[in-house]
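Coordinate inspection notes
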Amino acid sequence: MNHPYGRLSYNKHGGITATIEVMKVPEPRGLSYKKNFNIFINVRTVYMSKSIGIDLGTTNSVAAIKKVHTEIIKNAEGEELTPSCVTLQFKKGLIKFFSKENFVVGRHALEWLKQDPANTVTAVKRLMGRSVNDPEVQKIIKSRRSANSIVTHSRGTENSLAIVLGEKEFTPEQLSAKILEKIHRDCEAYLGDDVEYAVITVPAYFNDKQKHATRTAAALAGIKVQRLLPEPTAAAISFGVDNVENDDARTVLVFDFGGGTFDISVLTISGGQFIEQGKGGNMWMGGEDIDYKLIDYVLSRTSEEYEIEDIHAFINDQETQVKNRFSAELKRVVEQAKIDLSDREKTTVELLGLLKDSDGDLVDIDVDLTRDKFEEIIAPVVEGAMGLVKKLLEQIHFTTDIIDNVLLVGGSSRIPSVIRAVKDIFGEEKVLLHKRPMLAIAEGAAILSHRLSDALECPGCGVQVSQSEKSCPDCGFDLDSHMISHSVYDIIHSAAHDYHICLDNGEKYLLIEKNTPLPCERTERFRLVHKYQKLVNMKFVNMVNDEEESIGDLWLGIDDSMREKLYEKWYEWESGSGEGAKEEDSGEKPFDPESPLSVDVTLRIDENNLVEVAASIVELPDAEISKTLSRGKADEKLFIALEELINETNAGDYDSYETTEITSRTIMIISDINKVIDDHTGEVIEPVYELAQRNIETARKLVSEGITCQSLIYYCEHVLQRFGVLIPPGERERINKKKKHLEDMMLRGTYQENVDAYEALDKVFDKSPMISVLMTLEKAVDLCREHEPARSAKFVGAIHSLTSISDDEGKDAVAAKFEKAMSCLPEARELIAKYDNIKAKIYKGITK
Ligand code: AMP
């Protein structure tokens, strides 16, 4: 007996079980209690909204759901594969007046490619989390591969990327979100239910930024990501769940050769557990590369046939519409020829009636292609792929005989010469072509999504049961053993890359090695490079395809108050007991003022591959910072600007007053930049962003004009501490007020407010020549101590004579003391000129 809110059924005790499904109520869960005459009421929380698996592919995307069996969800066009193609449609010239953009995704967008290639994007996945300066992105920009305008994002860093559609900039995340939105929408329509969660697959070697970009795209599309699953692991799941028995253990190499990427992964599968042993591949290698090789071949044959010297220039000279149509059509027919050659020995690439020469005669594409010729053309790609397979096995110290099966997935794995090459390495019997190579990844994602959701459908009776149930409360089906043998019990992921930290000398220090099981964490101790260092900049990089790739920076500032506390502790220790007794009585030495401080750096990668870094100064527990890397581009942009300012200062002719100014301001700015991205929402907090940006510019401008506020504050503090008694109390209060105002302006004032506050405080000292003389002498004493100790006595004497003037001394005695002090001034000034303008440097690095 069914009812919208539940079900009544006879149970094995002869009673009636009422199953009430409480929608989206987190508590109570799995509660079962007896009610009246042998009626069992099962109140179960069932999350009615569904969770799915999505293969967000370079060429095509697929969605699947697992209920009892795994099922591919068809899109609104009735297809299993949705082309990962997005177009922005608009009437020419009117885009600015449409507030809502009209995006079309999938098959219809692909058709639109011929008409408007500039505003139609394919293979956006290749640009996810990428910088415009990435050599591969540059290759795409410079080659004829993309008709899209790919630029630096006006709001991001130098390295950010935007695709311009209809004069508006879009990030790859935003466009990817359009694909996900369509999938989401179509799935909800197909299932007739809300879809809230998804496992989304990503290439195995996607770095942190690319994964972050994928999460952003999902969030923009309104999908909650249960997990980002490496594509080969997804394929292994869909294979393993069907093919590996519970008591069996198999090592499988997944060879995923798709449209835009080539992913390899080695996994061991046993009892529903999937352990990633190692990953490799090349994110810039796929069926598209093969298509472009074929296009080059077809064009060169055509140019020979028609004796056209420069065929690219010839195509370029065609009318825009013809040119666009020709490029899109050629790509299509060439791809079809490639696919045909997987089953046939020969084919013809034909494209008629489009190109015309200057006489108006048709230049048709009509090129015969045999499988042998095709294999010759693509041999370098196949060899490259096999080289990467061997490299991965070497890296993880596996021989080919350890591999029990090689699972071929991805469209390009159907090419006969690719299959042959894999069989040559591993032996014919081990190589399996996945039954549904284009769908395997989405199926694997659906299986994991099902495993991760709160409720599942009982394979015995079809009722929704909580994941925590060991057997079905309804029909008694043994859910536990079913789960182990037919589903994913556990996945142990591994780090996709080597994670390094950069040292001051340019070397890289390996923190976490590629293929380390996740989650993992490593803490290492480093030293700062200078004993007075106040800034620590830690740069983290990945090695991807032997290239260094930045994954983010961590900045730490040590302000004066922190350091003072340390000096106080040290002073207590130093003076706490007499010489010799120190070691026995005063405990451990708090720090060595002659050595640089130490920093503990921790790098953590969780099972979702999210990277978190933390750093703390060993001697200063208050100085610590922890952050999730690759959060946003806005904070990165500010850090880059800050680093530029420091580099400019170090390269310029600046003395210690100026470098002190930049250092102090940098410490304040760092603390703001670390707050620019909201930790919970990931959004940019605009006022903090603008303040930090303005403060960087203010620092640059002030220093270039020799206005050093921090040094004036130090000067002021010194005056008050040493000679405060000589200043009348009212005047002292005024000085303190002006000093406080300048400190506030350093934190949040405009350039002009800083200048005004500086001048106001500086003027105070103009009015007191006596203070000025004393501070000059004091400075000379300091410099003598450092450079020429023998000369300091005379200045100490002069300071003493001035500070010892008392009210009852006669006029002549006072005049004599003044004269004595003044007579030392030229020498003091000469010393200051000699030693006080030494070029200073801002230190920010670390060393081992
Ligand atoms: P995927 O990313 O796995 O969807 O793979 C798409 C790529 O596989 C595209 O480059 C297709 O042209 C290519 N492809 C699909 N089917 C075949 C086939 N039978 N033979 C060769 N390549 C294929």
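Residues numbered from 1 in each chain as written. Predicted model: local features only at pLDDT ≥ 70, side-chain atom pairs only at ≥ 80, totals over all residues. Heavy atoms only, no water.

On a plain count of helices and strands, the protein chain comes out with 23 helices and 36 strands. A buried classification covers 51% of the 848 residues belonging to the protein chain. Sequence-distant contacts in the protein chain: of pairs separated by 6 or more residues, those separated by 24 or more amount to 66%. About 39,600 Å² of surface is accessible on the protein chain, with carbon and sulfur atoms providing 49% of the total. (Helix = DSSP H or I, 4+ residues; strand = E, 2+ residues; numbered from the N terminus. Buried < 20%, exposed > 50% of the residue type's maximum accessible area, 1.4 Å probe, protein only. Contact = heavy atoms within 4.5 Å. Areas by Shrake-Rupley, 256 points an atom, 1.4 Å probe, with all protein chains shown as cover.)

Looking now at the site of the ligand. Around the ligand, 15 residues are found, and the nearest of them are Gly 259, Glu 335, Lys 338, Ser 342 and Gly 411. Gly 411 places a polar main-chain atom, nitrogen or oxygen, 3.0 Å from an oxygen atom of the ligand. Within the backbone of Ser 412, one N or O atom sits 3.3 Å away from an oxygen atom of the ligand. For the ligand, whose unbound accessible area comes to 510 Å², protein coverage reaches 89%. Among the elements that line the shell around the ligand, the one with the most residues is helix H8 (residues 320-340), at three residues. Classifying every residue of the shell around the ligand gives three nonpolar, nine polar and three charged. (Near = heavy atom within 4 Å. Polar contact = N/O pair within 3.5 Å; in protein donor to acceptor, adjacent residues only side chain to side chain. Nonpolar A, V, L, I, M, F, W, Y, C, P; charged D, E, K, R; others polar.)

Let's shift gears to the environment of Leu 456. Locating Leu 456 in the fold gives a position in strand S25 (residues 455-457). Linking Leu 456 and Lys 66, residues 390 residues apart in sequence, is a C-alpha distance of 9.0 Å.

A cluster of acidic side chains, namely Glu 753, Asp 756, Glu 759, Asp 762 and Asp 766, defines a negative patch on the protein surface. Inspection of the secondary structure puts Glu 753 in helix H20 (residues 751-766). A relative accessible area of 38% means that Glu 753 is categorised as partly exposed. (Patch = residues over 30% accessible without salt bridge, like charges linked within 9 Å, V, L, I, M, F, W, Y side chains within 5 Å. Salt bridge = Lys/Arg side-chain N within 4 Å of Asp/Glu carboxyl O. Lys, Arg positive; Asp, Glu negative; His and termini not counted. Charge placed at Lys NZ, Arg CZ, Asp CG, Glu CD.)

Let's shift gears to the sheet that holds strand S28 (residues 498-502). Across the sheet, which stays open at both edges, the four strands sit in the order S29-S28-S31-S32 with antiparallel pairing between neighbours. One side of each edge strand has no neighbouring strand; the edge strands of this open sheet are strand S29 (508-512) and strand S32 (547-557). Adjacent strand axes in the sheet meet at a mean angle of 30° when their direction is disregarded. As paired elements, S28 and strand S31 (residues 535-544) share four bridges and run antiparallel to each other. Note on S31: the bridge partner recorded for Ile 501 is Phe 540. (Pairing = 2+ DSSP bridges. Axes fitted to C-alpha atoms, helices over the stretch in contact; angles between N-to-C directions.)

By the criterion of burial, strand S17 (residues 224-230) is predominantly enclosed, with five of the seven residues buried. Summarising the sheet, strand S16 (residues 195-202) and S17 pair through six bridges and their orientation is parallel. Note that in S17 the partner of Thr 201 across the bridge is Leu 229. Once you follow S16 into helix H4 (residues 208-220) and on to S17, the crossover reads as right-handed. (Right-handed = clockwise from strand over helix to strand, strands pointing away.)

Bringing the pattern of salt bridges into the picture now. Under the counting rule described, the total for this entry stands at 46 salt bridges. Between Arg 748 and Asp 744 there is a salt bridge, and its shortest N-O distance comes to 4.0 Å. You can see Arg 748 and its partner Asp 744 sitting in helix H19 (residues 729-748), four residues apart, about one turn around the helix. Connected via shared salt-bridge partners are Glu 788, Arg 791, Lys 794, Glu 827, Glu 830 and Lys 834.

Moving on, we get to the nonpolar core. One finds Leu 253, Phe 255 and Leu 330 to be the most contacted residues of the largest nonpolar core, which totals 56 residues. Here this core gets eleven residues from one element, more than from any other, and that element is helix H9 (residues 371-395). Setting aside chain neighbours within four positions, we find Leu 330 in contact with Ile 295, Val 298, Leu 299, Leu 351 and Ile 365. Residues Ile 54, Val 124, Leu 127 and Phe 206 belong to the second largest nonpolar core, which totals 44 residues. (Core = buried A, V, L, I, M, F, W, Y, C linked by side-chain atoms within 4.5 Å.)

Their axes nearest at 9 Å, the elements helix H17 (residues 686-704) and H20 cross at an angle of 45°. Looking at the two axes, H17 sits oblique to H20. Regarding H17 and H20, the two cross each other, and that crossing is right-handed. Packed against H17, whose contacting residues are Thr 698, Lys 701 and Leu 702, the element H20 presents Tyr 751, Asn 754 and Val 755 at the interface. Residues of the contact of H17 with H20, tallied by class, amount to three nonpolar, two polar and one charged. (Parallel < 35°, antiparallel > 145°, perpendicular 65-115°, else oblique. Left-handed = near helix turned anticlockwise from the far one by under 90°.)

Glancing now at the sheet that holds strand S36 (residues 846-847). In spatial order, the strands read S35-S34-S33-S30-S36; together these five strands make up an open sheet with antiparallel pairing. Every other strand in the sheet has two partners, leaving strand S35 (620-628) and S36 as the edge strands with one partner each. The pairing of strand S30 (residues 520-528) with strand S33 (residues 598-605) spans eight bridges and is classified as antiparallel. Its bridge partner lying in S33, Cys 520 is registered against Ile 605.

Turning our attention to the pairing of S30. Examined bridge by bridge, S30 and S36 share two bridges and lie antiparallel to one another. Bridge pairing links Leu 528 to Ile 846 in S36.

Attention now goes to the environment of Arg 732. With respect to the helices and strands, Arg 732 occurs in helix H19. Counting along the chain gives twelve residues from Arg 732 to Leu 720, while the straight-line C-alpha distance between them is 7.6 Å. Among residues more than four places away in sequence, those in contact with Arg 732 are Leu 720, Gly 724, Val 725 and Ile 727.

Moving on to the packing of aromatic side chains. Per the counting criterion, the structure on display carries six aromatic pairs. Put simply, the rings of Phe 255, Phe 257 and Phe 262 touch in pairs and so form one group of aromatic residues. In this structure, Lys 701 packs its charged tip against the face of Tyr 751, placed 4.0 Å from the ring centre. (Phe/Tyr/Trp six-rings, centres within 6.5 Å; stacked < 30°, edge-to-face > 60°. Lys NZ or Arg CZ within 6 Å of the ring centre and 35° of its normal.)

Turning to the side chain of Thr 171, a few remarks are in order. Within the fold, Thr 171 resides in the loop between strand S15 (168-170) and helix H3 (172-191). Setting aside chain neighbours within four positions, we find Thr 171 in contact with His 153 and Leu 161.

Position of Glu 196 among the secondary structure elements: in strand S16. For the pair Glu 196 and Lys 224, spaced 28 residues apart in sequence, the C-alpha to C-alpha distance is 6.1 Å. At 2.6 Å, the side chain of Glu 196 and the side chain of Lys 224 are in polar contact.

In this section: the side chain of Thr 87. Mapped onto the fold, Thr 87 is located in strand S10 (residues 85-89). Thr 87 gets classed as buried once you look at its relative accessible area, which sits at 0%. Here Asn 119 takes part through its backbone oxygen, which lies 3.1 Å from a polar atom of the side chain of Thr 87.

Each neighbour pair has its own omega, and for Leu 518 with Pro 519 the value is 0°, a cis peptide bond. Its place among the elements puts Pro 519 in the loop between S29 and S30. Unlike most non-glycine residues, Ala 123 shows phi in positive territory, near 55°. Summarising the element assignment, Ala 123 is placed in the loop between strand S12 (120-122) and helix H2 (135-142). Looking at Ala 123, the relative accessible area reads 9%, which means it is buried. One non-glycine residue, Glu 307, adopts positive backbone phi at about 55°. Summarising the element assignment, Glu 307 is placed in the loop between helix H6 (287-306) and helix H7 (311-316). For Glu 307, a relative accessible area of 72% puts it in the exposed group.

A separate point is helix H22 (residues 792-803). With twelve residues, H22 extends 17 Å from end C-alpha to end C-alpha; this agrees with the ideal 16 Å at 1.5 Å per step. Ser 792, Phe 795, Ala 798, Ile 799, Ser 801 and Leu 802 are the residues of H22 that are buried. Among the structural elements, helix H18 (709-723), helix H21 (769-787) and helix H23 (811-835) are those in contact with the buried residues of H22. (Expected span 1.5 Å × (residues − 1).)

Counting buried positions over the eleven residues of helix H10 (residues 416-426) gives eight, a clear majority of the element. Looking only at H10, the buried set comprises Pro 416, Ser 417, Val 418, Ile 419, Ala 421, Val 422, Ile 425 and Phe 426. Buried residues along H10 sit in contact with strand S18 (249-257), H9, strand S23 (405-409) and strand S24 (431-433). Phi turns positive one or two residues past the end of H10, at Gly 427, with a value near 95°.

Read these as layout, nothing more, since geometry by itself doesn't imply function.
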